[in-house]
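# Summary of the model geometry
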Amino acid sequence: MSASSQAPIAFEPGAHADGKDAKKSEDVPANAVSATPKKKEPPPESPESIRQRSYVVLSFWAIILIIGLPIWWKTTAIYRARLPLDQMMDWADGRACRPVFPLRISIEADSLQDHEAQHLLRTTQHALDDLNDFSAHHLRLELSPSNASTAATGLSTGGVENEELALVIRLLPGTTTKADLQSYAPILDIYYTPNQIPSSSSSSSSLGNYIANRLRGMFAEEQAMISYLLSTSSAPPERSPKALAPEVAESLAKWTTRSMKYSRTYHLTFSLFTPTATPSSWDIASALEEHLKPLLESFSSISNFTIDTQVQLYATPGVSGNVLKKEDLSGFINAAEWPLSPSIGGAPTINFIIYVGDMEVEGGGKGWLIPQWGGVVIQSDISDLRPAMLIFSNQLMSLLGAPESGSLPLRLMTLVRVRSAGLLLKASGTMGSLARLTLALPSISIPRSVADGVYTTIEHLRKACDGLGGQEALENARIAEEAAEKAFFEKSMVGQVYFPDEHKLAVYMPLLGPVGVPLVMTVLKEVRAWRKRRRGSR
Amino acid sequence: MRQFHSLLLCLSCLSFTLASSDYHEQLLLKPLHPSLLLASFNFQSNTTLASFEQQNFRYFPRSLGQILQHANTRELHLRFSLGRWDAESWGARPWGGAREGGTGVELWAWVEAETDEVADGRWLTLTNALSGLFCASLNFIDSTRTTRPIMSFQPSGDHKNSTFESLHLLHGTLPREVVCTENLTPFLKLLPCKGKAGISSLLDGHKLFDASWQSMSIDVRPICPLASNDCQLQITQTIDMVLDIQRSKRPRDNPIPRPVPNEELKCDTSKPYHTEDTCYPLDTAAREEEWTLSQIFGHPLKGACPLATDGIDPVCISVPHARQVFSSEGSHEHKDSSGFMRCYHLDSEKDFELVLPQQEISEKAPLEQPLLYAERSFIGYGQERGGVQAILTNPSLTEAVDFIYMESLPWFMKLYLHTLNAKINGLDTHQDVIQEMYYRPALDRKRGTQLEIRILIPANSTVVLTYDFEKAILRYTEYPPDANRGFDVAPAVITIGNVSIRTTSLLLPLPTPDFSMPYNVIILTSTVMALSFGFIFNLLVRRFVAVDEADQWDVRSVRLKVAALIKGKLKRFRKRVKMEKKE
């Protein structure tokens, strides 16, 4: 371009000259020569050279379009693996899975006649269904096999035969009506008086109502937990249960903030902190063996635990004073000085601390729980670790998210169901976030590993959803959640999030400007000349 | 000094015999010439291997124990060092150099693993975890900075023969790392008394990192007495530092050195030219500096650590018995028969203070001669090639010294092994100076060069070891932010039996590009391409005509055209305004 203006011989753009002539000839065809008397018209161009010029221009453009553009496209394209966005959004919006927790409750009624038992079952189920307003959490009664073998039609369906029973009710004749929940097995003993046996004609029975109320009371907390989880997720509103009472919702909100994120393995660290040099040893090994190991063993189907202990001397707490106020409790742990470093490996650490000292918490009590972190007990004498261990066991249960009431086996089973629901919802939510992110940022790359993670997640979510309530569902939900998090936090996705357009322009401009302008201008001129020629020939 | 050294050795013997005792600590003070003080802190705690495996930690730090278990590490040595040990005037190194690392951070460990790949994985876990624990950039010890020494390092712990087969030694250095207070704080947290009592209460980042030379070390090793199954795991932490007494005595609130007022100058009044304003400084070499413990460390020692119950005196000072040393009440002095060592038993309740007044004594604690003097430097010039020269001197008049010299060089320093040359006393001799050699060449961006040479130096001789290398050109992104500073090359490690010596690290300047280059290159190449393209394109597309046939570029006509255009627009605009008004 620049060369043309400096050249001694004037470069006359052929097309341009033609165009100008065309205009002139249209306006004043007669005295075109006399208007510029000094200027000689160049001889008309031969059609051959015109054709040659258009071939030149064409070939340049052909090279650019056929070779240049694809190369540019290929080298600057960002790899975006195809994600099943619709499916992901379905999961996030709760369309793909309807979380249902069918709880099988078996009734052992050896003392009753079959038809009586059947009738009782029916009336109780009826009473239960009347009481229940939350379809996702459904108690299903059935007769235990000893009864059911003779029963023609149980209420249990064949599809759920492999699920474990949530509870066994044993109906025993007694003098008064009372219920007795066994502490170490999921068995509820119900004593009934003989006059409570329902007659086959009545549609309801007092014993049936009693059992139904009793069951509802036992599972109320679990129901509230699950409905709270569903209400906080983005499930469609028609499916979530009616609003929870404010105080229940508040206590459940506390429960979610308190409990640790679910993991297959937890590290438990028991630490003895003392402000002086004594005591420098404690009998922790036997205390753990006696008070904590049994609890951890019963947890083994949900989570595994590793335990370590330490003694730390000359440790001063983060607050001073002998009476700790409520607001001091959060600052008690001296995070800067106490060696409570997080564990290595993926598993989270739960810390339990015995602080040897004469401190007292305002309003009584010697121990408190730190949400998602652990527990503290202040104790001046460590010769007997039993009280501290009992507090720690309670704290551990609530840190792991177990419900507060019920017998241990029931609490654990509830924990399995609540945890699988929570993980399921969390993984689904992550899927939704990932799908929205993918749509919102078209410039980020999506490596194949993310797509693989998404497919793994969806596969395991499907499995978890189908078998909700059991151990396998928990395991599947855990795998799904892990894969979802891994896919969402894929490192290579974040790297290219922001590569601004100005930046690209700055890189391309020095080349594209000087090369592109002559190419485009020439095409325009050629087109104009061609139109003129066509008009002229017509 | 020999007594000093023998005491150290004796202490390590004690630690074997007193393995049942769980915790022990000791501070050794040793004045060095001129007006310097070497302070060696030693902390040692044991745990039975059984309770370690059960993760019941008492004196052994849990945070470190957990890492060792997670990474299947059986023996660990970690060093943080700063400064240069001046062997010519300070003599042999404390602990025979065994508790010392090269400048920056040095880590070596025996990791149990079935294959090399597994070992590498565990090593990565280990470095990452330690990096978090010690707030150091240990996670930057990648494959290019990791070597597997063959001859230089031997395990110091007792390993069972069955596990010994599957142990992998890995060694990594970070010569660039600046050791600082944030590394000391986690170090102190590992101690049972945590700097609140005992000798560790003297440790303070301000003083430690103000030292002329300092080294922190952590060693973890298993100890299994022969014919017994109750193995123990021992952690030894040491801090050695050489403090300038004058500098340490500066008041903390006024640390800027100022000229001494005229009346306080110590002048040699015997000189004839001595007047009010002319002073010849008095030779103070014969006089011992005056200092106290709290002057040097900022505060007195806060009583003994009550956990150290083995009866070993926690503070020792190596000065001639003729030197006056006053200690605070409640402590008991024990003088050593050798004549140069005294130790103090402390009260755990009271602060402890040592006062050494100014004194003129001729007797000095003797310096122990090091086995070898080593010095290493770059030779050559230019951006392309260079050389390294190591000067190794055997000061002994009677005995030859046999040692292993290990270099681990970064991959971008490409060693020419054929240029490796050893000269004895300036002569190319045919004597076998180089006895044995292990060489593992570098792979670009994958691993560094590893060179281990066994050298024998005859008595009273100097060996000059030289080799040449080529500097690689790095990729744009491989340069650190301060590329012009140069690249640190790890110190060479010299192993003479149990004694080890490290040279200083080197700073290698590499050809450094101009980092605004990519845009310049883009713009320049684009311009060149655009120019050539435009030229060719115009030649091909334009039509050549004679000058008088070309369109004349007439400025007046352009001006008229523009004026007519503006007029037309204005007219139209006015019309529209009128129309609107009418409406």
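The rules behind these values
- Residues numbered from 1 in each chain as written.
- Chains lettered and ligands numbered in written order.
- Predicted model: local features only at pLDDT ≥ 70, side-chain atom pairs only at ≥ 80, totals over all residues.
- Heavy atoms only, no water.
- Buried < 20%, exposed > 50% of the residue type's maximum accessible area, 1.4 Å probe, protein only.
- Helix = DSSP H or I, 4+ residues; strand = E, 2+ residues; numbered from the N terminus.
- Pairing = 2+ DSSP bridges.
- Axes fitted to C-alpha atoms, helices over the stretch in contact; angles between N-to-C directions.
- Left-handed = near helix turned anticlockwise from the far one by under 90°.
- Contact = heavy atoms within 4.5 Å.
- Domains from an automatic or database assignment.
- Buried area = accessible area lost by both parts, 1.4 Å probe.
- Polar contact = N/O pair within 3.5 Å; in protein donor to acceptor, adjacent residues only side chain to side chain.
- Nonpolar A, V, L, I, M, F, W, Y, C, P; charged D, E, K, R; others polar.
- Disulfide = S-S within 2.5 Å.
- Patch = residues over 30% accessible without salt bridge, like charges linked within 9 Å, V, L, I, M, F, W, Y side chains within 5 Å.
- Areas by Shrake-Rupley, 256 points an atom, 1.4 Å probe, with all protein chains shown as cover.
- Salt bridge = Lys/Arg side-chain N within 4 Å of Asp/Glu carboxyl O.

## Some details on the pairing of strand β22 (residues 449-457) of chain B
Residue and element names in this part refer to chain B. Within β22, seven of the nine residues are buried, leaving the element largely enclosed by the surrounding structure. With six bridges connecting them, strand β21 (residues 434-440) and β22 associate as antiparallel partners. Across the sheet, residue glutamate 436 finds its bridge partner in β22, namely arginine 454.

## A closer look at unusual backbone geometry
Look at the link from Thr278(A) to Pro279(A): it is a cis peptide, with omega at -10°. Structurally, Pro279(A) is set in the loop between β7 (265-273) and α10 (284-298). The phi dihedral of Gln55(B) is positive, around 60°, even though this residue is not glycine. When you line up the elements, Gln55(B) lands in the loop between α2 (49-53) and α3 (62-70). Residue Gln55(B) is classed as buried on the basis of its relative accessible area, which comes to 15%. Positive phi is not limited to glycine here, since Asn72(B) has a value of about 50°. Structurally, Asn72(B) is set in the loop between α3 and β3 (73-83).

## What to know about the sheet that holds strand β10 (residues 349-356) of chain A
All names here are of chain A. Strand order in this open sheet of five strands is β8-β7-β10-β13-β12, and the pairing throughout is mixed. Each edge of the open sheet is held by one strand with a lone partner, namely β8 (304-312) and β12 (367-370). Neighbouring strand axes in the sheet, compared pairwise and without regard to direction, differ in orientation by 15° on average. Of the pairings in the sheet, the one linking β7 to β8 comprises nine bridges and is parallel in character.

## Quick look at the packing of α10(A) against helix α11 (residues 386-399) of chain A
All names here are of chain A. For the pair α10 and α11, the least separation of the axes is 10 Å and the interaxial angle reads 35°. Judged by the sense of rotation from one axis to the other, the crossing of α10 with α11 is right-handed. Contacts from Ile284, Ala287, Leu288, His291, Leu292, Leu295 and Leu296 of α10 reach α11 at Arg386, Met389, Ser393, Leu396 and Met397.

## Here we look at the domain arrangement of chain B
All names here are of chain B. Splitting chain B by domain gives domain 1 (2-250 + 262-356), domain 2 (373-508) and domain 3 (520-567). Relative to domain 2, the C-alpha centre of domain 1 lies at a distance of 28 Å. Counting residues at the interface gives 26 residues for domain 1 and 31 residues for domain 2. A combined buried area of about 2,300 Å² lies between domain 1 and domain 2, and 55% of that area is made up of carbon and sulfur atoms. Together, Met151, Ser152 and Arg176 form the three largest contributors to the area buried by domain 1 at its contact with domain 2, with a combined 29%. Summed over the shared surface of domain 1 and domain 2, the result is twelve residue pairs in polar contact (both at pLDDT 80 or more). Of all the elements in the fold, those that place two or more residues in the side of domain 1 that touches domain 2 are α4 (87-90), β4 (104-112) and β6 (167-174). Residue composition of the side of domain 1 that touches domain 2, by class: eight nonpolar, eleven polar and seven charged.

## Let's talk about the sheet that holds strand β18 (residues 385-393) of chain B
Residue and element names in this part refer to chain B. On the basis of which strands lie adjacent, the open sheet formed by four strands has the order β17-β18-β23-β20 and antiparallel pairing. Looking along the sheet, the strands with just one partner apiece sit at the ends: β17 (373-379) and β20 (413-424). Taken pair by pair, the neighbouring strands of this sheet meet at an average axis angle of 15°, ignoring direction. In this structure, β20 lies alongside strand β23 (residues 462-471), joined through eight bridges in antiparallel fashion.

## Digging into the state of the cysteines
Inspection of the entire model under this criterion finds five disulfides over all chains. Disulfide pairing is shown between Cys97(A) and Cys465(A); the S-S distance is 1.8 Å. Residues Cys97(A) and Cys465(A) are joined through a disulfide that is right-handed, its torsion about the S-S bond being 90°. Residue Cys97(A) is located in the loop between α5 (85-92) and β2 (101-108), and its partner Cys465(A) is located in helix α13 (residues 448-466); the two are separated by 368 residues in the primary sequence. Note on cysteine connectivity: Cys316(B) is disulfide-linked to Cys343(B), with sulfurs 2.0 Å apart. Between Cys316(B) and Cys343(B) the sulfur-sulfur dihedral comes to about 105°; the bridge is accordingly right-handed. In this pair, Cys316(B) sits in strand β11 (residues 315-317) while Cys343(B) sits in strand β14 (residues 342-345), placing the two residues 27 residues apart along the sequence. Just as Cys316(B) is buried, Cys343(B) falls in that class too. Free cysteine Cys135(B): the closest other cysteine sulfur is in Cys180(B), separated by 11 Å.

## Observations concerning a nonpolar patch on the surface
All names here are of chain A. Residues Ile63, Leu65, Ile66, Ile67, Leu69, Ile71, Trp72 and Trp73 make up a contiguous nonpolar surface patch of about 860 Å² in total accessible area. Following the sequence through the fold, tryptophan 72 ends up in helix α4 (residues 47-76). When its relative accessible area of 36% is taken as the criterion, tryptophan 72 is described as partly exposed.

## Focus: the domain arrangement of chain A
Domain annotation for chain A reports domain 1 (102-150 + 162-219) and domain 2 (261-400). Computed over C-alpha atoms, the centres of domain 1 of chain A and domain 2 of chain A are 42 Å apart.

## Points about the pattern of salt bridges
The full count for this structure, using the stated rule, is 39 salt bridges over all chains. With a shortest N-O distance of 3.3 Å, Lys293(A) and Glu289(A) are connected by a salt bridge. In this pair, Lys293(A) and Glu289(A) both sit in helix α10, four residues apart, roughly one turn of the helix. Among the ionic pairs, Glu478(B) bridges to Arg445(B), the shortest N-O distance being 2.3 Å. Taken as a pair, Glu478(B) in the loop between β23 and β24 (487-489) and Arg445(B) in the loop between β21 and β22 lie far apart in primary sequence, 33 residues in all.

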